[in-house]
Amino acid sequence: MRNRYYARLALENIKKNAKIYIPYLITSILTAAMLYIIRSLAMNPDYAKLPRGSHTLPKIMNFGSYVTMIFAFIFLFYTNSFIVKRRRKEFGLLNILGMDKRHIAKMLFIETVYIILITLVCGLGIGILLDKLMFMSLTKLIGESVVLGFHISVVSLIITTIFILGTFFLIYLNMLRQIHLAKPIELLSGANAGEREPKTKIIMTLLGLALISVGYYLSITVNAYYGTDSFLVKMFIAVICVMIGTYFLFMAVSITILKLLKRNRKYYYKTNHFTAVSGLLYRMKRNAVGLASVCILSTMVLVMISSTTSLYIGIEDVIENKHPSDVRITEYDIEVGDNVTEYLSDHMDNLRIDRLTYAHLFFYGEWTAPKTFTESDYSYDNINENYYLTNNVESAYTVSIYSAGAHSILKNTGFELADDECVIYTNRAGFHPDKITILGKTFRVVRCEYEDGGQEYATDSYDMILSSRDVMLEMLRAYNDMSFRPNNGRERINLYYADGDKAQQETQCIELLDSYLRVHPDGGLYYSTKTETRDDALSIYSGLFFLGIFLGTLFLMETILIIYYKQITEGFEDQKRFEIMQNVGMSLSEVVKSIRSQILIVFFLPLLTAGMHVGFAFPLVNRMLKLLDLDNTGLFVICVLCSFGAFALLYSMIYIVTARTYYKIVKN
Amino acid sequence: MAILEVSSLGKIYTTRFGGNKVQALSDVSFSVEQGEYVAIMGESGSGKTTLLNILAALDKPTTGSVLLEGKDITKIKEKEISAFRRDNLGFVFQDFNLLDTFSIKDNIFLPLVLLGCGYEKMNARLTPIAKRLGITEILEKYPYEVSGGQKQRTAVARAIITNPKLILADEPTGALDSRSTDGLLDVFADLNADGQTILMVTHSTKAASRAGRVLFIKDGSVYHQLYRGNCTNEGMYQRISDTLTLLMSGGDADA
């Protein structure tokens, strides 16, 4: 009997607070649905029916499901805090009317049960319905025809259920903690407990500015990193700096600026500025954390969507970069290589195979004479045993050696060099030696060019072009005789490029190589084809693209929810203020104008800051894309601009819709 | 010369759903002379608040007119009303109506800033007022840091800083303890002695006893009025009490 009373009370509570509970429920339902979908995509049995992507896609989706879980947990917790804040007064009233905290706990428990039930039933239902659609879009993305069949992933259902139960249980415990800690009178006064004017936090302000500057600096100077500086580490540092910096920016820097404006009497005591500055001061204080979160979420959405879209659209570029020829044959022994050449010799013309020899040498160690060297004194002789033993990848560099002939086929150059001359392409800026000594042989550097491309971003890399194949082989032999050879000294590579136009040529070439490998199982050769590369790239980048959109949707949903709750909270806070300002002699339209400008600043500041972050992150992300073999700055620029435009439009729409709720509350 | 002339004011509210009509004011007429201090008393629901709202140009009457220095405020265009109120009226409310985002000083400056005054001018006006009201010490503080009496004196300072023709006070002592009440009433008496016209709506016999004239409103019309004449505050208090007793015990205006 009594239990039924609680059940009814709990249901009434949710209904009564529909304005805040419905968006919360929608979010939790969609979160559950998304979690089910991504989990199910990670283990869909139909991958086996796909000719490509069956290995990579489950891995990517599996990774995505963990990211989804982490953020879903944070989001649900965070959203709930808004609800508790809004309902404090209600709890206080119930407490004073004679309801024990124990009873309130019971009521809340039943409410939580309702929410879990609604979430699971609707969320899993929607998840199951949309799962197939998502799988079809994914297969469409990787360019495969639709696979028939419908599955309900029981494991995913269980995982999602456990996740939702766990999250809401923790949320429930957190609510209990907040209620138990508070005295009834505190609960009653709830939201509008005496508010102090925010203090200027000098240290936090400086720290915020410093962190953001460091983050931006690291991003802008990204092209100056070479070799010993690890790109990924710097990127990680930059992201962390900007994230923390953003919180400080909103919490302290904004307040410091407003305080400075306030101190300037000429500026402050103007009709337009007076209410705006003081109003903003409090708004920023109340909303700093939420706005910073919106800003970071927006930045993440923008970066994720623009970069994954670039990768997906630019996939042909990537494939060209990764695998310029149709078939690439790699050998790791010069002598065996000659055998292969002989074996293939009859078919070279027919299959349009070019024998291009280049060696890819890999050195561990560090520049040994950094203090005393002169411009003309570069030498690569100093392979130091100690450095090698440290096995420190950060202090590694690679030298690829080409014959002039090979290079002109590969890169369309046509150098004519003497035996003691060389041309150098490097990703190390400011490298202009006259002479170079490597493996005991000295070359005159005819030309040295900075080239920010290629794949060896984590290390210094040097492409060295020598006059002929013979000179090159001489260098290789010297490398082989070296006592400390990284990679077990197997870095002796001959390459063939088969660049036939027709699929038939490719098939023939592969058949030939396979039959050679059957006779010489240890033949010291392996090959790769463009088709394979394309399949791999398609499945990886489609997977990433899908994940980008998927997570982008999740983050966007949370952004919408935060903005909505902020508008409601602001609305209730401003109700009284509206009234007072009118009483003091402002007309309704003046009050609306003043408050609207404040609200606009508050809500569009995160978007503007996110735009700035994305702008400064551009070099960093562009570099990361190059690392993933996409070297197309123009495409990335377009993707960033489009993403930002679309996002800004969506953001404004969200604002307009939620602002209506705000004005409804305020004018009430 | 009468600064305010209210003649046959009537107000009928229509409830939102259906045609239930409520007569808040039936026929109110009175006038206030320049420099007068008038208190309006009446039961809850007698129409005091409606009357004050109309005088403050916050609400429009159904019939009748309100002349402030000969100008009918019920005929002022919607757009000009705020400016009119800013220029001519000062308000003191029961719950102070201070903005918690402003310091005491900025709260007082608010109407002047809206008028577009410069800081130096505002400060020059504030200094004597703050001294007179005894709030010089707390100017830099915030509303949540000061007492109720100080808040109300801040509200008075805000009301008089524009040199309004008329101060309208709505239950100004309603939220104050007895000491603060005395202090505030002294302030009002002091302002009135300097020629400030004040119209105060109140429940409090004590507050009303300090006024020069007391109007009693019952069922939407003026029921009775008392002039102070040469009466002391105590004598006035006694007369008001008697009138209220009469009012309560069901005395009818027509009787």
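The model shown is predicted, which means the values in this text are computed figures rather than measured ones.

### With respect to the overall build of chain A
Per the secondary structure count, chain A includes 19 helices and 10 strands. Expressed as a percentage of the 668 residues in chain A, the buried residues total 54%. When contacts within chain A are restricted to residue pairs at least 6 apart in sequence, those whose partners lie at least 24 apart make up 85%. In the structure as shown, chain A presents an accessible area of about 30,700 Å², 62% of it carried by carbon and sulfur atoms.

### Comments concerning the confidence of the model for chain A
Residue and element names in this part refer to chain A. Across chain A, pLDDT averages 79, with 79% of residues at or above 70. For residues 365-394, every residue scores under 50 in pLDDT, and the model assigns this stretch 52 contacts once sequence neighbours within four places are set aside. The low-confidence segment residues 487-492 (pLDDT under 50) makes 14 contacts with residues lying over four places distant or belonging to another chain.

### As for the interface of chain A and chain B
By a frequent convention, interface size equals the accessible area lost on bringing the separate parts together. Taken together, the contact pairs 24 residues of chain A with 28 residues of chain B. Summed over both partners, the interface of chain A with chain B buries about 2,400 Å², with 58% contributed by carbon and sulfur atoms. Considering only the surface of chain A that becomes buried against chain B, A:Tyr269, A:Asn583 and A:Val584 emerge as the three largest contributors, covering 27% of it. Counting every contact that joins chain A to chain B gives 0 salt bridges.

### Section: the packing of aromatic side chains
Evaluation of the coordinates by the stated rule reveals 31 aromatic pairs over all chains. Note on A:Phe73 and A:Phe77: the rings are 5.3 Å apart at their centroids and 40° apart in plane angle, and the pair reads as tilted. On the criterion of helical spacing, the pair formed by A:Phe73 and A:Phe77 is a turn pair, its members being 4 residues apart in helix H3 (residues 56-96). For A:Phe73, a relative accessible area of 30% corresponds to the partly exposed category. Ring geometry for A:Tyr269 against A:Phe274: centres 5.5 Å apart, planes inclined by 35°, an arrangement best described as tilted. For the residue pair A:Tyr269 and A:Phe274, the accessibility class agrees, reading buried in each case. Through a chain of ring-to-ring contacts, the aromatic side chains of A:Tyr268, A:Tyr269, A:Phe274, B:Phe102, B:Phe109 and B:Tyr119 assemble into a single cluster.

### Description of the pattern of salt bridges
Residue and element names in this part refer to chain B. Under the definition given, this model contains 21 salt bridges over all chains. Lys-165 is the partner of Glu-69 in a salt bridge, and the nearest nitrogen-oxygen pair spans 3.4 Å. Of this pair, Glu-69 sits in the loop between strand E4 (63-68) and strand E5 (71-72) while Lys-165 sits in the loop between helix H5 (148-160) and strand E7 (166-170); the two residues are 96 residues apart in sequence, bridging distant segments of the chain. Overall, Glu-69 belongs to the partly exposed group, its relative accessible area being 39%.

### Concerning the nonpolar core
Counting 174 residues, the largest nonpolar core has A:Tyr24, A:Met61, B:Val156, B:Phe188, B:Val214, B:Phe216 and B:Ile240 as its most contacted members. When residues in this core are grouped by element, the largest group, 22 residues, is from helix H17 (residues 530-584) of chain A. Those residues within four positions of B:Phe188 in sequence are excluded, and the remaining contacts are B:Tyr37, B:Val92, B:Val156, B:Ala169, B:Pro172, B:Ile198 and B:Met200. Listed in part, the 31 residues of the second largest apolar core include B:Ala57, B:Leu166, B:Leu168 and B:Leu215.

### Let's talk about the side chain of B:Asp106
Here B:Asp106 is to be found in helix H3 (residues 104-115). Notably, B:Asp106 is buried but unbridged: the nearest opposite-charge side chain belongs to A:Lys262, and the N-O separation is 4.4 Å. Here A:Tyr269 takes part through its side chain, which lies 2.6 Å from a polar atom of the side chain of B:Asp106. Contacts of B:Asp106, omitting those with residues within four sequence positions, involve A:Lys262, A:Tyr268, A:Tyr269 and A:Phe274.

### With respect to the packing of helix H10 (residues 271-313) of chain A against helix H18 (residues 588-627) of chain A
All names here are of chain A. The geometry of H10 relative to H18 is characterised by a closest axis approach of 7 Å and an angle of 35° between their N-to-C directions. Handedness of the crossing formed by H10 with H18: right-handed. Counted by class, the contact of H10 with H18 contains 19 nonpolar, 11 polar and 1 charged residues.

### Concerning the confidence of the model for chain B
Residue and element names in this part refer to chain B. Predicted confidence across chain B gives a mean pLDDT of 85, with 95% of residues reaching 70 or more. Mean pLDDT in chain B bottoms out at helix H2 (residues 78-88), which sits at 81, and peaks at strand E8 (residues 198-202), which reaches 91. Scored as a whole, the predicted complex attains pTM 0.75, and scored at its interfaces, ipTM 0.77.

### Some words on unusual backbone geometry
Residue and element names in this part refer to chain B. Unusually for a residue other than glycine, Asn-97 sits at a positive phi of about 55°. Here Asn-97 shows up in the loop between strand E6 (89-92) and H3. Accessibility expressed as a relative area gives 2% for Asn-97, which makes it buried. One non-glycine residue, Asp-219, lies in the positive phi region at around 45°. With respect to the helices and strands, Asp-219 occurs in the loop between strand E9 (213-218) and strand E10 (221-227). Given the relative accessible area of 61%, Asp-219 is considered exposed.

### Examining a nonpolar patch on the surface
All names here are of chain A. Side chains of Ile-70, Phe-73, Ile-74, Phe-169, Leu-170 and Leu-173 sit close together on the surface and give an oily, nonpolar patch of about 520 Å² of accessible area. Broken down by secondary-structure element, the contributors of at least two residues to the nonpolar patch are H3 and helix H5 (154-181). Along the chain, Leu-170 falls in helix H5.

Basis of the calculations
All residue numbers refer to positions counted from 1 along the written sequence of the respective chain. Whichever chain is written first is A, and whichever ligand is written first is 1; the rest continue in order. Per-residue local features are limited, in this predicted model, to residues with pLDDT of at least 70; the limit for side-chain atom pairs, both in listing and counting, is 80 or more; totals at the level of whole chains, interfaces and linings are taken over all residues. Values shown for side chains rest on all heavy atoms present in the structure; no hydrogens or waters enter the calculation. A run of H or I in DSSP counts as a helix once it spans at least four residues, and a run of E counts as a strand once it spans at least two, with each numbered from the N terminus. Three labels apply to residues, based on accessible area from a 1.4 Å probe with only protein chains included: buried if under 20% of the type maximum, exposed if over 50%, partly exposed otherwise in between. By the convention used here, residues are in contact when the closest approach between their heavy atoms is within 4.5 Å. All accessible-area figures derive from a Shrake-Rupley calculation using a 1.4 Å probe, and residue coverage is judged against the displayed protein chains alone. Known as pLDDT, the predictor's per-residue confidence is scaled from 0 to 100. Take the accessible area each of two parts loses on contact, using a 1.4 Å probe, and add the two losses: that sum is the buried area. Any carboxyl oxygen of Asp or Glu within 4 Å of a side-chain nitrogen of Lys or Arg constitutes a salt bridge here. Whether two aromatic rings pair depends on their centres lying within 6.5 Å, for rings of Phe, Tyr and Trp, where Trp uses its six-membered ring; planes under 30 degrees apart make the pair stacked, over 60 edge-to-face, and the rest tilted. Buried Ala, Val, Leu, Ile, Met, Phe, Trp, Tyr and Cys residues form a nonpolar core when they are joined through side-chain atoms within 4.5 Å. Within this scheme the basic residues Lys and Arg register as positive and the acidic residues Asp and Glu register as negative, but His and the chain ends are omitted. As used in this structure description, the phrase polar contact means that two N or O atoms lie within 3.5 Å; if the pair is within protein, one of them must be able to donate a hydrogen and the other to accept it, and residues adjacent in sequence are counted only when both atoms belong to side chains. Simply put, an axis is a line fit to the C-alpha atoms, just over the touching stretch for a helix, and the angle between two N-to-C directions goes from 0 to 180 degrees. Each crossing is labelled by how the near helix is turned from the far one, with a counterclockwise turn of less than a right angle marking it left-handed and a clockwise turn marking it right-handed. Note on residue classes: Ala, Val, Leu, Ile, Met, Phe, Trp, Tyr, Cys and Pro are nonpolar, Asp, Glu, Lys and Arg are charged, and everything else, Gly too, is polar. Candidates for patches are residues over 30% relative accessible area with no salt bridge; among them, like charges are joined within 9 Å and nonpolar side chains (Val, Leu, Ile, Met, Phe, Trp, Tyr) within 5 Å.

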